[in-house]
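Listed below, chain by chain, are the residues.
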Amino acid sequence: MNGSGRLVVVSNRVTQVTSRKVLAGGLAAGVLAALRESGGIWFGWSGGITDQSSPEPNHATNGKITYLTCDLSRRDFEEYYNGFSNRTLWPLFHYRLDLTVFDRLQYESYLRVNRHFATRLLPYLEEDDTIWVHDYHLIPFAEELRKMGVDAPLGFFLHTPFPPADLLVALPRHEKLLRALFAYDLIGFQTENDVRNFRDYIKREANGKLDGDGSCTAFGRTIQVKAFPIGIDTEDFAALTETPEAKRQRHILEKSVMERDIIIGVDRTDYSKGLPNRLKAFELLLENYPVNRGRVHLLQITPPSREHVPEYVEIQTEVEGLSGHINGRFAEFDWVPIRYIHKAYNRRILAGFFRAARVGLVTPLRDGMNLVAKEYVAAQDPDDPGVLVLSKFAGAARQMDRALIVNPYDVNQVADAIQVALEMPLDERQARWRAMMDDLRRHDIDHWRRTFIEELHNARVAGEASQRRALSA
Ligand code: F6P
């Protein structure tokens with residue numbers, strides 16, 4: 001951090017340490033790890049729904065982190081969270097125009113909640129604060145703070161992909177949303193591909209000016225736009241495999257599969273995760289490589305997510321149907337191919353399960369980064385590591401090129417890759433694992449936080465200089 005200033009993190013989802021047992025996805029895990037290192041404030045939704053949202057945030061402190069959280073009213077939960085955030089922006093940002101619903105009222109609520117959140121945070125801000133806003137729920141947050149006179153360095157990080165301009169322009173009022181992003185000093189994306197999509201939009205649709213150093217000028221402001229691939233707390237996650245709970249659960253799992261190989265998948269129940277394709281690929285594995293019948297288990301852990309959104313109910317029904325179909329087709333009285341589990345496990349248990357699994361299957365149709373891929377690798381036994389099968393459409397594939405990279409739409413290819421993984425000799429598994437683990441160590445969550453904050457302060461200085469130049473021209 002810069003001098004004595006505090007880090008103020010703003011995200012829709014806030015994970016208080018008391019609820020640490022189960023972390024719903026990458027943002028919560030990433031922000032928590034980053035704030036544990038630096039200390040600071042974490043502001044956002046409490047996860048609670050009330051009839052009337054309270055004017056004052058709830059306070060809690062744990063170690064170096066102060067939590068300030070607000071409830072949502074039922075209407076805001078429906079219109080801002082389930083609605084515009086998760087039925088408009090989420091599918092659009094995951095390239096699913098076919099699932100994108102636009103409702104003007106929900107959009108108005110999205111703007112209103114951003115304004116309310118900004119109003120509630122305002123009294124807690126101090127002069128030297130650096131404010132770091134996360135994810136698609138809160139794109140207009142900086143614009144609201146700026147209107148209230150906040151002049152602090154403001155950075156934004158998008159955890160999801162950023163779609164190509166041709167998809168984005170289908171969103172009514174896309175210009176207003178993109179203009180709002182220019183209230184930040186720095187915008188961070190997961191991959192260079194996302195940066196390219198953003199720059200392309202700014203050039204084509206906003207008549208903006210792009211410079212080689214990452215700066216973008218449009219809507220009367222110059223900001224910095226860069227890729228900061230999010231990491232994990234690599235050493236801590238690896239160490240979780242040695243905890244008594246991880247060891248105990250791993251032992252129970254291994255005993256229950258009786259020497260059979262475990263293929264593991266852990267994904268929120270979300271259509272972006274490509275679960276039907278994955279199950280079909282597993283079915284093909286059993287069909288095309290019958291040696292695996294009675295010899296492997298797919299352990300598919302799929303925690304519930306956004307259950308009030310109809311598309312999520314549909315995907316769950318589809319996954320349940322497919323698992324039942326495949327089990328019915330191949331199971332014997334003493335072996336069931338798929339263990340489908342619709343609940344969340346804590347990180348220690350997952351670390352134990354990952355270590356027990358010969359293959360990690362991470363095959364989203366589109367994903368910002370996908371930290372499960374990184375956690376699976378971090379949890380492996382260096383002497384006898386498993387193999388990661390990874391979708392080319394996960395942000396993680398850009399860094400983890402020693403995984404078996406697959407196209408999740410090509411289910412035959414995925415089935416073949418699983419077979420290659422199951423048969424891979426030890427020396428090749430070790431070499432692939434070592435290369436990926438070295439990279440995970442170098443680019444861990446602390447590296448992500450430090451580089452983003454450093455760049456934010458640089459962006460601020462660069463922005464002020466360009467503002468001065470513009471005024472004196
Ligand atoms: O960026 C998407 C994300 O925030 C992920 O980090 C996380 O996996 C997921 O969404 C959590 O979703 P929700 O907060 O709706 O449960």
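Two faces, one strand: in a regular strand the side chains alternate between the faces of the sheet. With respect to burial, strand 5 (residues 130-134) is a largely interior element, five of its five residues being buried. Side-chain alternation along strand 5 places T130, W132 and H134 on one buried face and I131 and V133 on a second face that is also buried. As paired strands, strand 1 (residues 7-13) and strand 5 are joined by five bridges and run parallel to one another. Bridge pairing links V8 to I131 in strand 5. Two elements, strand 5 and strand 6 (residues 154-157), share four bridges in a ladder whose sense is parallel. Residue pairing in the sheet places I131 in a bridge with L154 of strand 6. Considered for its hand, the β-α-β crossover made up of strand 5, helix 4 (residues 141-147) and strand 6 is right-handed.

Turning our attention to the domain arrangement of the protein. One can read the domain layout of the protein as domain 1 (7-231 + 445-465) and domain 2 (234-442). Between the C-alpha centres of domain 1 and domain 2 the distance comes to 30 Å. Between domain 1 and domain 2, the contact holds 29 residues from the first and 25 residues from the second. Across the domain 1/domain 2 interface, buried area totals approximately 2,200 Å², and carbon plus sulfur atoms make up 61% of it. In this assembly, domain 1 and domain 2 are joined by one salt bridge. For E311, the salt bridge identified is with R87, shortest N-O distance 2.7 Å. Seen at the junction of domain 1 and domain 2, the total is six residue pairs in polar contact (both at pLDDT 80 or more). Of all elements in the fold, only helix 1 (26-38), helix 2 (74-93) and helix 7 (192-205) reach the threshold of two or more residues within the side of domain 1 that touches domain 2. Across the side of domain 1 that touches domain 2, the residue classes break down as 14 nonpolar, 11 polar and four charged.

Once that is clear, we can look at the nonpolar core. Judged by nonpolar contacts, the single largest core of 95 residues is most densely connected at F117, I131, F141, F198 and I263. Domain assignment of the residues forming this core places at least three in each of domain 1 (7-231 + 445-465) and domain 2 (234-442). Setting aside anything within four residues of it in sequence, one finds I131 in contact with V8, V10, L125, L145, V150, A152, P153, L154, G155 and L456. Core analysis: the second largest hydrophobic core is formed by 63 residues, V9, W132, L299 and V362 among them.

All right, on to the pattern of salt bridges then. On inspection of all chains with the given rule, the structure shows 37 salt bridges. The partner of R75 in a salt bridge is E79, and the shortest N-O contact between them spans 3.2 Å. Note that R75 and E79 are positioned in helix 2 at a spacing of four residues, about one turn of the helix. Look at R75 and you get partly exposed, because its relative accessible area is 45%. Between D211 and K209 there is a salt bridge, with the nearest N and O atoms lying 3.1 Å from each other. Residue classification places D211 among the partly exposed residues on the basis of a relative accessible area of 27%. Owing to a relative accessible area of 48%, K209 belongs among the partly exposed residues under this scheme.

Per the counting criterion, the structure on display carries 29 aromatic pairs. Judged by centre distance (5.8 Å) and plane angle (55°), the ring pair of F93 and F162 falls under tilted. Placement of the pair is F93 in helix 2 and F162 in the loop between strand 6 and helix 5 (165-168), with a sequence separation of 69 residues. On the basis of an interplanar angle of 55° and a centroid distance of 5.3 Å, the ring pair of Y271 and Y312 is categorised as tilted. Of this pair, Y271 sits in the loop between strand 11 (261-266) and helix 10 (275-288) while Y312 sits in helix 11 (residues 310-330), and the two are 41 residues apart along the sequence. Here Y271 matches Y312 in class, with each residue buried.

Parameters and conventions
Residues numbered from 1 in each chain as written. Predicted model: local features only at pLDDT ≥ 70, side-chain atom pairs only at ≥ 80, totals over all residues. Heavy atoms only, no water. Buried < 20%, exposed > 50% of the residue type's maximum accessible area, 1.4 Å probe, protein only. Helix = DSSP H or I, 4+ residues; strand = E, 2+ residues; numbered from the N terminus. Pairing = 2+ DSSP bridges. Right-handed = clockwise from strand over helix to strand, strands pointing away. Domains from an automatic or database assignment. Contact = heavy atoms within 4.5 Å. Buried area = accessible area lost by both parts, 1.4 Å probe. Salt bridge = Lys/Arg side-chain N within 4 Å of Asp/Glu carboxyl O. Polar contact = N/O pair within 3.5 Å; in protein donor to acceptor, adjacent residues only side chain to side chain. Nonpolar A, V, L, I, M, F, W, Y, C, P; charged D, E, K, R; others polar. Core = buried A, V, L, I, M, F, W, Y, C linked by side-chain atoms within 4.5 Å. Phe/Tyr/Trp six-rings, centres within 6.5 Å; stacked < 30°, edge-to-face > 60°.

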